[in-house]
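Listed below are the residues making up each chain.
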Amino acid sequence: FLIHTFKSHHTIILYYSYSTDMWWGTLGTVRPFSNFNPDKDAMELQAALEKKDVNTVVRILSNRNNAQRQVISQTFEELIHKDLQTALKKVLSGDLETFMLQLMMYPLHFEAFRLQQAMAGLGTDEETLMEILCTKSAKQLQDVSVAYNQFYKKDLEKELKAETSGDFAKLVVALLNVLSASLKGKKAEASPWIDILTSRDVEYLNKVFMGLEMETGQTLDQIVEKRFSGDFRMGLNILVQCIENPFIYLAKRLHTMKTPVVHGIMVSHSEEDLLCIRAAFIKITDTSLYTALQKNFKGDHLQALLAICRSED
C-alpha cells in the first residue's frame, strides 16, 4: 500500500525501512491499530469533518500509527476526492491543527520539517538543531538529509552552515557528517563524538571529557560551563547530556512544556522510544508526563496529546 503514496521509488525504500524499524520491538507509545480498516476510517473522518466533530477526528488519527495515517490519507483522496490535510485545516485551528498536521507527515518529512523550521525566519533555534542531531541514529540522520533535499530542494549541510556560525557551526556540521560514519548501533561511544569536535585541539578535548572529571572533581557539565561560552557551550552541554542519557535530556526538554517542543518530541518519538522518555520524565520530575500534560494543556488539543502519550505512569 505504501507504493501509492510516493512518486519516488527511492523514497518508498527509505520510508518503508524507517517505518518498520519503528514498529517492531518498539518502545513507542503508538502501535499499529489492530483492526485497521482504512475505508471505514476515511468515511468516518469525512462525516466527522462535515459535522465539525473534532473529537472523532482526534480519536481516529491519534489511534493509528503513521503508516496507517498515510493509507487513510490516500484512501480519503480516492473515496472522497479531497485532500485530507486540506480538509483538516478547514475544521481544526490553533495548536490542535498544528499537532494533527504534524502527525500526518511522513516521519522523515517531519524531521526535515523540524530542522527547516529551526533555521527559518529571524534567529536560529540552536537547541532544536542539537536535539535532532544528538538523539537520532546515524541511519536516521542520513535518511533525514536525503528527505530534506527532496522536500526543500536544498542541501542540509549547506543550510546548517549558512544558519550557524563559528565553533557551533563546525560542531553541528561535524555531528551531521562524521557522527553518521562513526556510530554503530544505538549506544554511542564517547570517543567518536569527541574526535569530531575539531574546533578545539582533539588531545585537549579528550583530556577535558575523559580526564578532567577525575582530576578536578568537577562534572563534565561544570567543566564545559567554565571552559566554553555561547552556542558552542550549549551545544557541548547537549552533546554531553545525550551521551550520558538521551531520554533524560529529552524529558528535561519536555518539562519546559513549551508547545513546539512538546509537539516536536512527542510526534518524533511516539513510535520509537516515548516510553523511555516517559520513564525519564517521572524520574526527574516526580510527576508523570500524562499528568504534566493535563496541567498545562486543555480541550481537544490536550486529548490529542494524551492519546499520543497513551497512559498514566
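Preceding this section is the structure that the text describes.
Remember, predicted model here, so these are calculated numbers, not experimental data. (Residues numbered from 1 in each chain as written. Predicted model: local features only at pLDDT ≥ 70, side-chain atom pairs only at ≥ 80, totals over all residues. Heavy atoms only, no water.)

1. A closer look at the overall build of the protein
The condition that has to hold: Strands here are runs of E lasting at least two residues and helices are runs of H or I lasting at least four, both read from the DSSP assignment and numbered beginning at the N terminus. Per-residue accessibility takes into account occlusion by the displayed protein chains alone, with areas from the Shrake-Rupley method and a 1.4 Å probe.
A count of helices and strands for the protein gives 20 helices and zero strands. A total of about 14900 Å² of accessible surface is found on the protein, and carbon and sulfur atoms cover 52% of it.

2. What to know about the packing of aromatic side chains
So the rule is basically this: Ring geometry is summarised as follows: Phe, Tyr and Trp rings, the Trp one being its six-membered ring, pair when their centres sit within 6.5 Å, and such pairs are stacked at plane angles under 30 degrees, edge-to-face over 60 and tilted between the two. Relative accessibility thresholds used throughout: buried, under 20% of the residue-type maximum; exposed, over 50%; partly exposed, between the two (1.4 Å probe, protein chains only). Geometrically, a lysine NZ or arginine CZ counts as sitting over a ring once it is within 6 Å of the ring centre and also within 35 degrees of the ring normal.
Inspection of the entire model under this criterion finds two aromatic pairs. Look at Tyr148 and Tyr152: their rings are 5.1 Å apart centre to centre, the planes differ by 50°, and that puts the pair in the tilted class. Taken together, the positions of Tyr148 and Tyr152, both in helix α9 (residues 138-152) and four residues apart, correspond to about one turn of that helix. Using a relative accessible area of 2% as the deciding quantity, one classes Tyr148 as buried. Residue placement shows Arg64 over the ring face of Phe33; its charged tip is 3.7 Å from the ring centre.

3. Observations concerning helix α4 (residues 66-80)
Going by this rule: Residue count minus one, scaled by 1.5 Å, sets the expected span of a helix.
The terminal C-alpha atoms of α4, which comprises 15 residues, lie 21 Å apart, in line with the 21 Å expected from a rise of 1.5 Å per residue. A large share of α4 lies buried, amounting to 11 of its 15 residues. If you check which residues of α4 are buried, you get Asn66, Ala67, Gln68, Arg69, Gln70, Val71, Ile72, Ser73, Thr75, Phe76 and Ile80. At the C-terminal side of α4, His81 shows a positive phi close to 60°.

4. Let's talk about the side chain of Ser73
Operational definition: We call two residues in contact whenever any of their non-hydrogen atoms come within 4.5 Å of each other.
Structurally, Ser73 is set in helix α4. Residue classification places Ser73 among the buried positions, given a relative accessible area of 10%. In this view, Ser73 contacts Leu84, Gln85 and Met104; residues no more than four positions away in its chain are not counted.

5. Thoughts on a negative patch on the surface
Here is the rule: For patches, a residue must show more than 30% relative accessible area and have no salt bridge; joins then use 9 Å for like charges and 5 Å for nonpolar side chains, namely Val, Leu, Ile, Met, Phe, Trp and Tyr. Note on definitions: salt bridges are taken to be side-chain nitrogens of Lys or Arg within 4 Å of carboxyl oxygens of Asp or Glu. Neither His nor the chain ends contribute to the count of charged residues, in which Lys and Arg are positive and Asp and Glu negative. All charge positions are set by atom: Lys at NZ, Arg at CZ, Asp at CG, Glu at CD.
A contiguous patch of negative charge on the surface is contributed by Asp39, Glu77, Glu78 and Asp83. Note that Glu77 resides in helix α4.

6. Re the side chain of His269
Put simply, the test is: For this analysis, a polar contact is any N or O atom pair within 3.5 Å, provided that within protein one partner can donate a hydrogen and the other can accept it, and provided that sequence-adjacent residues contribute only side-chain to side-chain pairs.
You can see His269 is positioned in helix α17 (residues 259-269). Reaching out from His269, the side chain makes a polar contact with the side chain of Asp273 at a distance of 2.7 Å. Sequence-distant contacts of His269, defined by excluding residues within four places in its chain, comprise Gly28, Thr135, Lys136, Leu250, Leu274 and Ile277.

7. Description of the environment of Ser62
Locating Ser62 in the fold gives a position in helix α3 (residues 54-62). Note on Ser62: relative accessible area 1%, which makes it buried. With 246 residues separating them in the primary sequence, Ser62 and Ile308 have C-alpha atoms 6.3 Å apart. Ignoring sequence-local partners within four residues, the contact set of Ser62 consists of Met100, Ala304, Ala307, Ile308 and Arg310.

8. Describing the nonpolar core
Here is the rule: We define a nonpolar core as any set of buried Ala, Val, Leu, Ile, Met, Phe, Trp, Tyr and Cys residues linked to one another through side-chain atoms lying within 4.5 Å.
Among the nonpolar cores identified, the biggest contains 85 residues, and Leu88, Met100, Met130, Met266 and Leu293 are the most heavily contacted of them. Contacts of Met266, omitting those with residues within four sequence positions, involve Leu254, Leu274, Leu293, Leu305, Ile308 and Cys309.

9. Some details on the pattern of salt bridges
In this structure the tally under the stated criterion is 12 salt bridges. For Glu111, the salt bridge identified is with Arg114, shortest N-O distance 3.9 Å. Of this pair, Glu111 and Arg114 are both found in helix α7 (residues 107-119), three residues apart, which corresponds to roughly one turn of the helix. By relative accessible area, Glu111 is classed as buried at 1%. Salt-bridge contacts for Glu131 lead to Arg114; the nearest nitrogen and oxygen are separated by 3.0 Å. With a gap of 17 residues between them, Glu131 in helix α8 (residues 126-135) and Arg114 in helix α7 connect regions that are remote in the sequence. Salt bridges here are not isolated pairs; linked through shared partners, they connect Glu111, Arg114, Glu127, Glu131, Lys136, Arg253 and Glu272.

10. A word on helix α6 (residues 94-104)
For an α-helix, 3.6 residues make a turn, and residues three or four places apart therefore share a direction. Inspection of α6 places Leu96, Phe99, Met100, Leu101, Gln102, Leu103 and Met104 among the buried residues, and these make up the whole buried set. Buried residues along α6 sit in contact with α3, α4, α5 (84-91), α7, α17 and α20 (299-309).

11. Regarding unusual backbone geometry
Non-glycine residue Lys52 carries a positive phi angle of around 55°. Inspection of the secondary structure puts Lys52 in the loop between α2 (38-51) and α3. Of note, the phi angle at His81 is positive, near 60°, even though the residue is not glycine. You can see His81 is positioned in the loop between α4 and α5.

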